[in-house]
Amino acid sequence: MAPKVLFVLTSHDKMGDTGRHWEAHWMPEFAHPYEVLADHVQIVVASPKGGAAPLDPSSVEAFKSDASATKFLNTKEALWKNTHKLSEFIGHANDYEAIFFVGGHGPMFDLAKDETSHKLINEFWAHNKIVSAVCHGPAALAYVKLPSGKYLLSGQSVTGFSNAEEDQAGLSAAMPFMLEDQLNTASGGKFVKAAEAWGPKVVVSGGGRIITGQNPSSAGPLGQAIYDGIFGQLTTKDEV
């Protein structure tokens, strides 16, 4: 039987107090890792509320020239329209090899402080499984604490959507917190980012069990790092 990976999408569909409604996960950050992994693992998709998980329409427009993302949009809609409720997976972390949090701004508003998500991440970690996320997906890791009271990310190199990228997107004022700042706090100053905003960056830490990507261009490489971690071919060394 193929190893299983749990993909987690946000259920959030409104950006702060801006009144802007959106469909909240960022499509290529789902599509590109899926493309890397789908032929090799069994992918199960969950969200905090279950059911239909909203998709940000601006991501569809931004990546309309991306053939693989467009194919995913046109053929895989059932994946985000029929998600399992995240609470169903409590107690089942050992059935999976990895958990992966898809980006889009939504995780900043729900998954960042979702108690069920935090409990599930702790279970994956306790079972020596891979915990991974891309872009704003690392918001789901940013406040997680272990039973010891320490942050999961304490002493671990990590990346995610940077302050510069949020500023350039014009959305810093709409965020409940700045992701780079909180990841830097949780990790003890070990936030890492690409030399230039929007450049691809994947960071591996925790002995290969924490894998994070900075932005949309990091989604495919992050999917490859998850594959490598599952199948024992992880060549990306931990950041130090």
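Residues numbered from 1 in each chain as written. Predicted model: local features only at pLDDT ≥ 70, side-chain atom pairs only at ≥ 80, totals over all residues. Heavy atoms only, no water.

## Things to note about the sheet that holds strand β6 (residues 202-205)
Link 1 in the chain: On the basis of which strands lie adjacent, the open sheet formed by seven strands has the order β3-β2-β1-β4-β5-β7-β6 and mixed pairing. Pairing within the sheet leaves two strands with one partner each, and these edge strands are β3 (84-85) and β6.
Link 2 in the chain: Of the pairings in the sheet, the one linking strand β5 (residues 130-134) to strand β7 (residues 210-213) comprises four bridges and is parallel in character. Bridge assignment links V131 to a residue of β7, and that residue is I210.
Link 3 in the chain: In this fold helix α1 (residues 27-37) packs onto β1 (4-8), β2 (42-47), β4 (98-101) and β5, with an angle of close to 175 degrees to the strand it touches most, β1. (Pairing = 2+ DSSP bridges. Helix = DSSP H or I, 4+ residues; strand = E, 2+ residues; numbered from the N terminus. Contact = heavy atoms within 4.5 Å. Axes fitted to C-alpha atoms, helices over the stretch in contact; angles between N-to-C directions.)

## Overview of the packing of α1 against helix α3 (residues 67-75)
Link 1 in the chain: At their nearest, the axes of α1 and α3 sit 9 Å apart, and the two run at 95 degrees to each other. With respect to α3, the axis of α1 lies roughly perpendicular. Within the contact between the two elements, α1 uses M27, F30, A31, H32, Y34 and E35 and α3 uses S68, A69, F72 and L73.
Link 2 in the chain: In terms of residue class, the contact of α1 with α3 is made up of seven nonpolar, two polar and one charged. (Parallel < 35°, antiparallel > 145°, perpendicular 65-115°, else oblique. Nonpolar A, V, L, I, M, F, W, Y, C, P; charged D, E, K, R; others polar.)

## Some details on the pairing of β6
Link 1 in the chain: Neither face of β6 is open: one carries V202 and V204, the other V203 and S205, and all of them are buried.
Link 2 in the chain: Judged from the four bridges that link them, β6 and β7 form a sheet pairing that is antiparallel. Opposite V204, over in β7, you have I211 as the bridge partner.
Link 3 in the chain: Between β6 and β7, which follow one another and run antiparallel, lie four residues, and G206 among them has a positive phi close to 60 degrees. (Buried < 20%, exposed > 50% of the residue type's maximum accessible area, 1.4 Å probe, protein only.)

## Considering the packing of aromatic side chains
In this description, an aromatic ring pair is defined by two values, namely the gap between the centres and the angle between the planes.
Link 1 in the chain: Considering all chains together, one arrives at 12 aromatic pairs under this definition.
Link 2 in the chain: Pairing F30 with Y34 gives two aromatic rings, centres 6.4 Å apart and planes at 90 degrees, and the pair type is edge-to-face. Here the residue F30 and the residue Y34 both occupy positions in helix α1, the gap between them amounting to four residues, near one helical turn.
Link 3 in the chain: On the numbers, 6.3 Å between centres and 65 degrees between planes, the contact of F30 with W80 is edge-to-face. Taken as a pair, F30 in helix α1 and W80 in helix α4 (residues 77-81) lie far apart in primary sequence, 50 residues in all.
Link 4 in the chain: Take F30: its relative accessible area is 0%, and that puts it in the buried class. (Phe/Tyr/Trp six-rings, centres within 6.5 Å; stacked < 30°, edge-to-face > 60°.)

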